[in-house]
Amino acid sequence: MYGLQGVIRLWVSRVVWFLVVAVLAVMLIHLRAAYVWEERPIKDQRGMTRIVEMPVFSWEEYRRVVKAYPGDLFAGNLYYRTNPRNEGTRFSEILREAWWNSFRLFVAAAGIGVAAGVLVGTLVGLRSLLPRVLALILSIGGLSLPDFLVVFIGQAVTIWTYRVYDWKPWLIISEPSLPKGWILPLGVLILPPLGFAARLTASAMDDIMRLDYIRTARSKGLHEVRVVLGHALRNAIPRILSGLPTLLNVVLSSMIVVERLTAWPGMAFWLMGESYQSTYSGPDGIVKAVVGVTPQLIATAGILFIAWFLLLDGLAHTVRILFSVRFEEVKR
Amino acid sequence: MSRLRLNTSLTLGLILSALLLVTLVVPFVMDLPDPMDLKMTMEVDGALKKPPYAPGVGGYLLGSDQGGRDLFARIIYGARSTLLLGVTVAVGRTLLAIPLGLLSGWYRGLFGRAVAAVSTGMGALPTLVLTTFILWSVQRVVRADWLLLYGGVILLVGLPRLAEQVRLLTEETLTMPHVEAAVAVGATPLRILRKHVLPIIRGDILVSVAAETAWVLMIIGQLAIFNIFASGMTSIQVGERWIILDGQPEWGLMLGANRDLIRGQHWWVPVFPAIALGLTVACFQLLAEGVRVRWLRR
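As the structure is a prediction and not an experimental result, all values here were calculated from the model.

**Structural notes on the overall build of chain A**
Secondary structure summary: chain A contains 11 helices and 6 strands in total. Over its C-alpha trace chain A gives a radius of gyration of 26 Å, far above what one expects of a compact globule, namely 20 Å for 332 residues. Projected onto its principal axes, the C-alpha coordinates of chain A cover approximately 90 × 60 × 40 Å. By the burial criterion, 47% of the 332 residues in chain A qualify as buried. Here the contacts in chain A between residues at least 6 apart in sequence split such that 66% fall between residues at least 24 apart. Roughly 17,300 Å² of accessible area belongs to chain A as shown, and the carbon and sulfur atoms make up 63% of that amount. Both charge centroids of chain A, one from 34 positive and one from 23 negative side chains, sit 9 Å from each other.

**What about helix α8 (residues 224-242) of chain A?**
Residues and elements named next belong to chain A. The terminal C-alpha atoms of α8 lie 26 Å apart, and with 19 residues this matches the ideal 27 Å at 1.5 Å per residue to within 8%. Along α8, the sharpest change in direction is near 45 degrees and occurs at Leu233. Those residues of α8 lying buried are Val227, Val228, Ala232, Leu233, Ala236, Pro238, Ile240 and Leu241.

**Description of the pairing of strand β4 (residues 241-246) of chain B**
Residue and element names in this part refer to chain B. Both strand β3 (residues 233-238) and β4 contribute to a ladder of 6 bridges, which runs antiparallel. Paired with Thr234 across the strands is Leu245, a residue of β4. The hairpin turn running from β3 into β4, its antiparallel successor, is 2 residues long, and Gly239 in that turn takes a positive phi close to 65 degrees.

**Brief notes about the interface of chain B and chain A**
Each side of the interface is counted separately: chain B has 48 residues, and chain A has 48 residues. A buried area of about 4,500 Å², summed over both sides, lies between chain B and chain A, and 74% of it is on carbon and sulfur atoms. Joining chain B to chain A, the criterion identifies 1 salt bridge. Between Glu289 of chain B and Arg199 of chain A there is a salt bridge whose closest N-O contact spans 3.1 Å. At the boundary of chain B with chain A, the tally comes to 4 residue pairs in polar contact (both at pLDDT 80 or more). Only α1 (2-29), α3 (109-122), α4 (127-141), α7 (189-225) and α9 (268-296) of chain B provide two or more residues apiece to the side of chain B that touches chain A. For the side of chain B that touches chain A, the leading source of residues is α9 of chain B, giving 12 residues. Across the side of chain B that touches chain A, the residue classes break down as 28 nonpolar, 14 polar and 6 charged.

**Structural notes on helix α2 (residues 59-75) of chain A**
All names here are of chain A. The first and last C-alpha atoms of α2 sit 25 Å apart over 17 residues, in line with the 24 Å expected at 1.5 Å per residue. The largest bend in α2 comes to about 30 degrees, at Tyr69, with the proline Pro70 one to four residues further on. Restricting attention to buried positions, one finds in α2 the residues Glu61, Tyr62, Val65 and Tyr69. Trailing α2 by a residue or two, Gly76 shows a phi angle of about 75 degrees, which is positive.

**A word on the packing of aromatic side chains**
Taken as a whole, this structure holds 19 aromatic pairs over all chains when the rule is applied. On the basis of an interplanar angle of 45 degrees and a centroid distance of 6.2 Å, the ring pair of Phe57 of chain A and Tyr62 of chain A is categorised as tilted. Of the two residues, Phe57 of chain A and Tyr62 of chain A, neither departs from the other in class, the shared state being buried. Aromatic pair Trp100 of chain A and Phe103 of chain A: ring centres 6.0 Å apart, planes at 25 degrees, arrangement stacked. Taken together, the residues Trp100 of chain A and Phe103 of chain A, both in helix α3 (residues 91-123) and 3 residues apart, mark about one turn of the helix. One aromatic cluster is present, formed by Trp99, Trp100, Phe103, Phe106, Phe305, Trp308 and Phe309 of chain A through successive ring pairs. Over the ring of Tyr162 of chain A we find Lys168 of chain A; its NZ or CZ atom is 4.8 Å from the centre of that ring. Between the NZ or CZ atom of Arg161 of chain B and the centre of the ring of Trp215 of chain B, over which it lies, the distance is 4.9 Å.

**As for the packing of α3 of chain A against helix α6 (residues 179-208) of chain A**
All names here are of chain A. Contact pair α3 / α6: the axes reach a minimum separation of 6 Å and the direction vectors enclose 35 degrees. Between α3 and α6 the crossing geometry is right-handed. Its residues assigned to classes, the contact of α3 with α6 comprises 20 nonpolar, 5 polar and 1 charged.

**A look at the nonpolar core**
One finds Phe148, Ile256 and Phe305 of chain A together with Tyr150 and Ile154 of chain B to be the most contacted residues of the largest nonpolar core, which totals 130 residues. Sorting elements by how many residues they give to this core places α6 of chain A first, with 14 residues. Apart from the residues lying within four places of it in its own chain, the contact partners of Ile256 of chain A are Ala268, Leu271, Met272 and Phe305 of chain A together with Leu128, Val129 and Phe226 of chain B. Counting 12 residues, the second-largest nonpolar core is a separate cluster that includes Val166, Leu174, Leu193 and Ile205 of chain B.

**Thoughts on the pattern of salt bridges**
A pair can form between side chains of opposite charge whenever their charged atoms are brought close. Here the structure, examined in full by the defined rule, presents 17 salt bridges over all chains. Arg218 of chain A serves as the salt-bridge partner of Glu224 of chain A, at 2.7 Å between the closest nitrogen and oxygen. Between Asp65 of chain B and Arg74 of chain B there is a salt bridge, with the nearest N and O atoms lying 3.7 Å from each other. A relative accessible area of 1% places Asp65 of chain B in the buried class. Judged by its relative accessible area of 0%, Arg74 of chain B falls in the buried class. It is possible to trace a salt-bridge network through shared partners that takes in Asp65, Arg69, Arg74 and Asp246 of chain B.

**Considering a nonpolar patch on the surface**
A cluster of nonpolar side chains, contributed by Leu4, Ile8, Val12, Val16, Val20 and Leu24 of chain A, occupies part of the molecular surface with about 540 Å² of accessible area. In this fold, Ile8 of chain A is placed in helix α1 (residues 2-29).

**Looking at the confidence of the model for chain B**
Residue and element names in this part refer to chain B. This prediction gives chain B a mean pLDDT of 88; 97% of its residues lie at or above 70. Here β3 is the element of chain B with the lowest mean pLDDT, 76, and helix α2 (residues 71-107) is the one with the highest, 94. The complex prediction reports pTM at 0.87, with the ipTM value standing at 0.84.

What counts and how
- Residues numbered from 1 in each chain as written.
- Chains lettered and ligands numbered in written order.
- Predicted model: local features only at pLDDT ≥ 70, side-chain atom pairs only at ≥ 80, totals over all residues.
- Heavy atoms only, no water.
- Helix = DSSP H or I, 4+ residues; strand = E, 2+ residues; numbered from the N terminus.
- Rg over C-alpha atoms; globule rule 2.2 N^0.38 Å.
- Buried < 20%, exposed > 50% of the residue type's maximum accessible area, 1.4 Å probe, protein only.
- Contact = heavy atoms within 4.5 Å.
- Areas by Shrake-Rupley, 256 points an atom, 1.4 Å probe, with all protein chains shown as cover.
- Lys, Arg positive; Asp, Glu negative; His and termini not counted.
- Charge placed at Lys NZ, Arg CZ, Asp CG, Glu CD.
- Expected span 1.5 Å × (residues − 1).
- Bend = angle between axes of the 7 residues up to and from the residue.
- Pairing = 2+ DSSP bridges.
- Buried area = accessible area lost by both parts, 1.4 Å probe.
- Salt bridge = Lys/Arg side-chain N within 4 Å of Asp/Glu carboxyl O.
- Polar contact = N/O pair within 3.5 Å; in protein donor to acceptor, adjacent residues only side chain to side chain.
- Nonpolar A, V, L, I, M, F, W, Y, C, P; charged D, E, K, R; others polar.
- Phe/Tyr/Trp six-rings, centres within 6.5 Å; stacked < 30°, edge-to-face > 60°.
- Lys NZ or Arg CZ within 6 Å of the ring centre and 35° of its normal.
- Axes fitted to C-alpha atoms, helices over the stretch in contact; angles between N-to-C directions.
- Left-handed = near helix turned anticlockwise from the far one by under 90°.
- Core = buried A, V, L, I, M, F, W, Y, C linked by side-chain atoms within 4.5 Å.
- Patch = residues over 30% accessible without salt bridge, like charges linked within 9 Å, V, L, I, M, F, W, Y side chains within 5 Å.
- pLDDT = per-residue confidence, 0-100.

Structure (structure tokens):
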């Protein structure tokens, strides 16, 4: 009962937070769209005054773009244009594909990383030196080395092997349709959950293997593998799950950097993209327009990302609550 | 396992700290080339070559950047500005988080809930995304010095999370018998927080400074990947054309501004600053982890 109440409270708070954060993010991002071009006099290095066209922030424009955004969003009137003369591509289609690419990468990295980390951490229970050293190296490497450093090293390695052996173990620029295009982004993203899960599992196993019931199981003549998997790991699961929200947070944050550095066609491009002013000759003379990843597109990608982030965070907390309640009941 | 891990974390952290210290001291004891000295052509094997020069060529230990500037000297000099920025932001954030966390932990109620709520709200987006959104947007409205804005936003984005940590520690400490005794004899809140709570949690706060420094340096590196730098770019005229280069040596700027060169075979230009920044992040993280478990046993 307590578990259910906790879960309901958790999801109500997540929905409230989503609404609050999404509105604030939209308002914040639109500050970038709220400028008008004005001619301003500036002094150059020689002290001469020149008239230069500069972007100037305008509250009036800000109110206009913020008011217009929800209408455009719900009517599906958001387009990605690189040239003001083109109609552009409907953003919802682009975003769906980008999200799917990010989602695939995220699920693969978190899934493989956690599974491998738990496996390595569980081996620590077998009390031999090799798994301990492995868990130690993985936890230090996976948690201490920044994602950008690992990507750069990975890219440098493939350049070196290509020069020396004419062979590329993975691609510098990722490509979701090729297995080799997955290796670098996936390999880098696996490291943090692997290290984190290995560390959590190893420390839980270390504590649990000293408990009386493990000694009893051993004295009854159970095989060591069965003691570790059947008795110790089962009771280590709630502790591993307690780290799940942090773990997912770490993977999502790293994903943005890895996507950018390996040019993975995911959400990062739209979340952290840039717009630019473009001019063209129209029927009314020279026309200026903001094209590229405009603040409206960034705000839309931001809303989707916040929803995704909070959903995953909520799911991780739900699993943790339900498991910890069950664990308490088992203990009673 | 735990003992092995703790000792290793601390040992590795201390080794990296010693290396970092050497990097900071080197400019005082060695005659290094000027990190801003340009060299747009160099004779290599009888032929004139343009930068970037590869590591080991023409006396460049770690190679040069696009302006022919010595990368080794730039990395050594860049340590000062990068560390100064990272440590200043981390210490500033900790100094603000301590009173905020202590007072919200003491008064609880609305104040405590507000700190917890802001911390949760800011946690609804990855820090990198939030920092980028704020920096890109605010720079249009706030006409402040860029470095101040850059450091200020990084400081403020992590502040609620750290204040929340201090608040939780304070609440935990307030239930201890010695604090209850102090309350019973009529000690003032300020005295209780200063004399009975702060000494108990100061170990955790010291660890936080190391962890926060790692966190700030990591964000500096990640922001640089999205073209957000602490210091600016500079342009130089070479003959007819202009070249845009990273300005004063700073690791984030050096790796971010040159990150695309890795695809053009000039891998050393972004990779060496990335290694310097990455190992410094690892150093502070390992130190925080090692100290936390070795002395605080948490």
